[in-house]
Amino acid sequence: MKNKVIGILAHVDAGKTTLSEALLYTTGKIRKLGRVDKRDTFLDTHELERERGITIFSKQAIMETRENRITLLDTPGHIDFSAEAERTLSVIDYAILVISGSEGVQAHTETLWHLLERYSVPTFIFITKMDMPYCSKKAAMDDLTMNLDPSCVDFSDEDAFEHIAMRDEELLEKYLSDGDISDGDIGRLIYERKLFPCFFGSGLKLEGIEALIEAIDRYTLEKEYPEEFSARVYKIGHDKNGTKLTYLKVTGGKLDVRQTILYRAPGEEEETEEKITAIRLYSGIKFDTAENVGAGEVCAVTGLTKTFTGQALGAGGTDSEPYLEPVLNYRVLLPDDVDPRTFMQKLKTIEEEEPLLRITYNERFGDIHAQLMGEVQCEVITSLVKDRTGADITLDDGRIMYKETITGIAEGVGHFEPLRHYSEVHLILEPLERGKGVIFDTIADEDHLEKNWQRLILTHLEEKQHTGTLTGSPITDMKITVVSGKAHIKHTQSGDFRESTYRAVRNGLMQLREMGKCVLLEPYYIFRLELPGECVGRAISDIIAKHGTFDEHETVPGTSVLTGRAPVACISDYAKEVASYTRGRGKFSCRVEGYFPCHNADKVIESYCYDPVSDVANTADSVFCSHGAGFIVPWDKVTEYMHLEASLKPDKTEDDEIIVKPKVIKKNIDAEEKELQAIMEREFGPAKHRVYDRTEIKPSSSSREKEEKAKKEKSLLYIIDGYNVIHAWDELAYLAETDLENARKHLCDILSNYRAFTKKEMIVVFDAYNVKGAVERKYEQNGLKIVYTKEGELADVYIGKLLGEIGKNYFVRAVTSDGLIQLRAVASGILRMSAREFREEVLAADHEIKEILDKLNRK
């Protein structure tokens, strides 16, 4: 039989657990149907789950159909435990999304849908509770196609084949020709997420269950796996004896008992080597042992002591980070006889099992903090702690989890040199788009800093949650790049680079704080508010007062629907207000969208009373050595003592150009030209003439210097940041103050003339970041290639992507005074030119043109 791993997901109380029971009963796995209200379901086995009537922990059951051996992964439906559902998505082959026929698509349903899309999981949809009054197939399908995806198709509809064929052009032609669609064609569309089969029924009354099982047998495809062993950890647990269980899916080869696994534990430089001591195949609370499991199967193993959720083992790729994250921070109040430091270790064991529980210890105040999603999770955690440790803990009212980011570029320097120790690290900190998190990279020259030291620095960057300088909150949405560093052949130890790396990050952040380039972020909800028409005025007034914004306002008979975005801090309890002023007729739902600039940053920063200089656990100062003794140098004086030159230097021009000394990488010039032409044709279509009319550079017998000079002089493609140039050229900047469109036109005319005279190819990029509904546009005007980016995309992001694709190339120049683009150009090995330097080049060309015209006139 074919092995399939299928996850089952739903909004809380949609009927997911009841459907799971129906599937297990219909396939013969259980002999008696359990019920949530009777607290006897097969998968909700924990006392907390039976007491509350909701799924809290993901569990698995093995069932067999006619064609498949299916491992069913049941996941929690409550939003507070959404991370428990998310972590299963990395290991499932297919998903069953359960929708309540009476409630339709709800807020958390949309969150789950976005996660399924993010993880590219093929999905079947089951609309349950159709035995209840007023449930309509048509209304349900309208809801699904409008709020989830137009590719949702009712497989019980007699016209289903026509709807299926419409999802794919090739299939439509085949259907029009043959009048039939094969199971394989349908399976392919489902697997590619071009089709979402919908089934109707009732889990409680076992209606529609057979049709769902038959569809899974007919339309699911068998996945191919590589022969080399790999696995993905999706859950950590402990059995009743306290033995650690690592739940994983084998994604390649096979796994045997007593097999040795080599992996890297969090925060450790050396790899850990451990043996698998047992393999367990769980179904509910019971399990069977196995000697081995093959690719595509899930199991729990013992023997691995340092694994974590999201970890990749073997050849399984990179570790994965969860998309969802906690937004509230609670202080843990312990009984008087409990020592916080000792108790931390017990809480860390529970933290391993709970992906959205983050436990931290505040060294300054000696207290423990827990980062959680909401009130229900708080109640569950306190109960778990009581069960595991016997301690009665309480949590305070909680506060919002803030984050910090940056809007500028800085070079952070960290030096650590007490007696018989030595290390220095230079890092470039630059901002990223919202939601990108923190990315680490290195462009340091291996001739000056060996590769093993660079890897060590990257390890130290990744092992710690670095904090900002405004409130001490975690940093996000920035890239930290290692640009240089230094070790001592005799005195450097591995721990030295940890010290200098941490200090370098902090040093860069302190510089940006002084420049006013640090920004406080707070979590925002996307909300949906359904309410009677007469209450719309009150709702709009409330949302505006709560610093929210609106996206849409829909009106259907008797009901208005408002959607928008607002800070979590302002609308987390708004559902109660809605219920009150609409007298129970309104419905407010929301989900976390991400982090955005804080609406009351000054007030929050003041309330934190955070002094980054006094935070000795996150110091920006460095340690240098003089006369055999170490001494501390304050962060703002480190550049006066550092042993390496700065990689990021302010230019002497007024536009504050950033210059970075790049690592020179040589590459075949002809290969560059072909790659570059391919990119240009993809972006702007086939060239109407040869893009590069370059005369061949033949090395002379005299010297290689002439060849290198010729290469640099032949930079035949200019990528120009349009608005940056406009604001850097005085005459255009003055014009842009009153007529931006005319300034753009004037710049394009200048560039067209310059291009025609110099025979250089040019791409000028204007961003439409704040233009509502803007789509990316590319066109050619007098040989000049012009790009307008889409809404929400900055020019530096578009240019950065283009530079990244072009790669190292002497025949390309990035024209901008934007430090971020210049840094990306350096990282790509591409030459840079400031806006003012380019202006001088254009003026020189104009002068040549004038001289030629003067000569012609004299003749």
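This text goes with the structure placed above it.
The paragraphs below set out a description of the structure included in this document. Since the model is a prediction, treat every value here as computed from it, not as a measurement.

Conventions adopted
- Residues numbered from 1 in each chain as written.
- Predicted model: local features only at pLDDT ≥ 70, side-chain atom pairs only at ≥ 80, totals over all residues.
- Heavy atoms only, no water.
- Helix = DSSP H or I, 4+ residues; strand = E, 2+ residues; numbered from the N terminus.
- Buried < 20%, exposed > 50% of the residue type's maximum accessible area, 1.4 Å probe, protein only.
- Contact = heavy atoms within 4.5 Å.
- Areas by Shrake-Rupley, 256 points an atom, 1.4 Å probe, with all protein chains shown as cover.
- Pairing = 2+ DSSP bridges.
- Axes fitted to C-alpha atoms, helices over the stretch in contact; angles between N-to-C directions.
- Phe/Tyr/Trp six-rings, centres within 6.5 Å; stacked < 30°, edge-to-face > 60°.
- Core = buried A, V, L, I, M, F, W, Y, C linked by side-chain atoms within 4.5 Å.
- Right-handed = clockwise from strand over helix to strand, strands pointing away.
- Patch = residues over 30% accessible without salt bridge, like charges linked within 9 Å, V, L, I, M, F, W, Y side chains within 5 Å.
- Salt bridge = Lys/Arg side-chain N within 4 Å of Asp/Glu carboxyl O.
- Expected span 1.5 Å × (residues − 1).
- Bend = angle between axes of the 7 residues up to and from the residue.

A tally of regular secondary structure across the protein gives 26 helices and 41 strands. Among the 859 residues that make up the protein, the fraction classed as buried is 51%. A separation of at least 24 residues holds for 68% of the contacts in the protein among residues at least 6 apart in sequence. When the accessible surface of the protein is summed, it comes to about 41,200 Å², and 48% of that surface belongs to carbon and sulfur atoms.

What follows is about the sheet that holds strand S2 (residues 59-64). The sheet built from seven strands is open, its strands ordered S2-S3-S1-S4-S5-S7-S6 with mixed pairing. This sheet does not close on itself; its edge strands, each paired only once, are S2 and strand S6 (152-154). This sheet shows a mean twist of 25 degrees between the axes of neighbouring strands, independent of strand direction. Across six bridges, strand S4 (residues 94-100) lies against strand S5 (residues 123-128) in parallel orientation. Looking at the pairing, Val98 lines up with Phe126 of S5. Along the sheet, helix H5 (residues 137-147) contacts S4, S5, S6 and strand S7 (196-200); its crossing angle with S6, the most-contacted strand, is approximately 165 degrees.

Let us look at the packing of aromatic side chains. How two aromatic rings sit relative to each other is set out by the distance from centre to centre and by the angle between their planes. On inspection of all chains with the given rule, the structure shows 24 aromatic pairs. Residues Tyr574 and Tyr581 carry aromatic rings whose centres are separated by 6.3 Å and whose planes lie at 50 degrees to one another, so their mutual orientation is tilted. On the basis of relative accessibility, which here comes to 0%, the residue Tyr574 falls in the buried class. Residue classification places Tyr581 among the buried residues on the basis of a relative accessible area of 16%.

Attention shifts here to the nonpolar core. In terms of nonpolar packing, the biggest core is built from 72 residues, with Leu427, Leu529 and Tyr574 touching the most fellow members. The element best represented in this core is strand S28 (residues 518-531), accounting for eight residues. In this view, Leu427 contacts Ala410, Glu411, Gly412, Leu461, Ile480, Thr481, Val482, Val483, Thr501, Ala504 and Val505; residues no more than four positions away in its chain are not counted.

A few words now on the side chain of Thr467. Inspection of the secondary structure puts Thr467 in the loop between helix H12 (451-463) and strand S27 (478-487). When neighbours within four sequence positions are excluded, Thr467 is seen to be in contact with Gly472, Ser473, Pro474, Ile475, Arg506, Leu509 and Asn618.

Positioned with a positive phi, Arg258 is a non-glycine residue whose angle comes to about 75 degrees. Position of Arg258 relative to the elements: it lies in the loop between strand S10 (254-256) and strand S11 (260-263). A residue is classified by how much of its surface remains accessible, and Arg258, at 56% relative accessible area, is exposed. Phi at His547 takes a positive value of approximately 65 degrees, unusual for a residue other than glycine. Relative to the assigned elements, His547 resides in the loop between helix H14 (536-545) and strand S29 (549-556).

The antiparallel open sheet is built from six strands, whose spatial order is S14-S13-S16-S9-S8-S17. The outermost strands of the open sheet, each flanked by one partner alone, are strand S14 (286-290) and strand S17 (312-314). Across the sheet, the mean angle separating the axes of adjacent strands is 40 degrees when strand polarity is ignored. Summarising the sheet, strand S9 (residues 244-252) and strand S16 (residues 298-302) pair through four bridges and their orientation is antiparallel. Residue pairing for S16: Tyr247 is matched across the bridge by Ala300.

Bringing the pairing of S27 into the picture now. In terms of residue burial, S27 counts as a mostly covered element, since seven of its 10 residues are buried. Examined bridge by bridge, strand S25 (residues 423-431) and S27 share nine bridges and lie antiparallel to one another. Directly across from Val425, in S27, lies its bridge partner Gly485. Between strand S26 (residues 438-442) and its parallel partner S27, the chain crosses via H12, and the hand of that crossover is left-handed.

Note on placement: Ile350 falls in helix H10 (residues 340-353). A relative accessible area of 3% places Ile350 in the buried class. In this structure, Ile350 is in contact with Leu357, Leu384, Val385 and Arg388, ignoring residues within four places of it in sequence.

A separate point is a nonpolar patch on the surface. Taken together, the side chains of Ile540, Ile544 and Phe550 make up a nonpolar region of the molecular surface, amounting to roughly 240 Å² of accessible area. When you line up the elements, Phe550 lands in strand S29.

Turning our eyes to something else, we now look at H10. Counted at 1.5 Å a residue, the expected span for H10 with its 14 residues is 20 Å, and the 20 Å between its end C-alpha atoms agrees. Along its length, H10 reaches its greatest deviation from straightness, about 25 degrees, at Lys346. Among the residues of H10, Phe343, Met344, Leu347, Ile350, Glu351 and Glu353 are the ones counted as buried. Those residues of H10 hidden inside the fold are in contact with helix H3 (82-86), strand S8 (230-238), strand S19 (358-362), strand S20 (367-372) and helix H11 (375-389).

Okay, the pattern of salt bridges next. Under the definition given, this model contains 36 salt bridges. The residue Asp168 makes a salt bridge to Arg188 at a minimum N-O spacing of 3.7 Å. Taken together, the positions of Asp168 in the loop between helix H6 (160-165) and helix H7 (169-178) and Arg188 in helix H8 (residues 183-191) put the pair 20 residues apart, joining distant regions of the chain. On the basis of relative accessibility, which here comes to 11%, the residue Asp168 falls in the buried class. Here Arg188 falls in the partly exposed class, since its relative accessible area comes to 27%.

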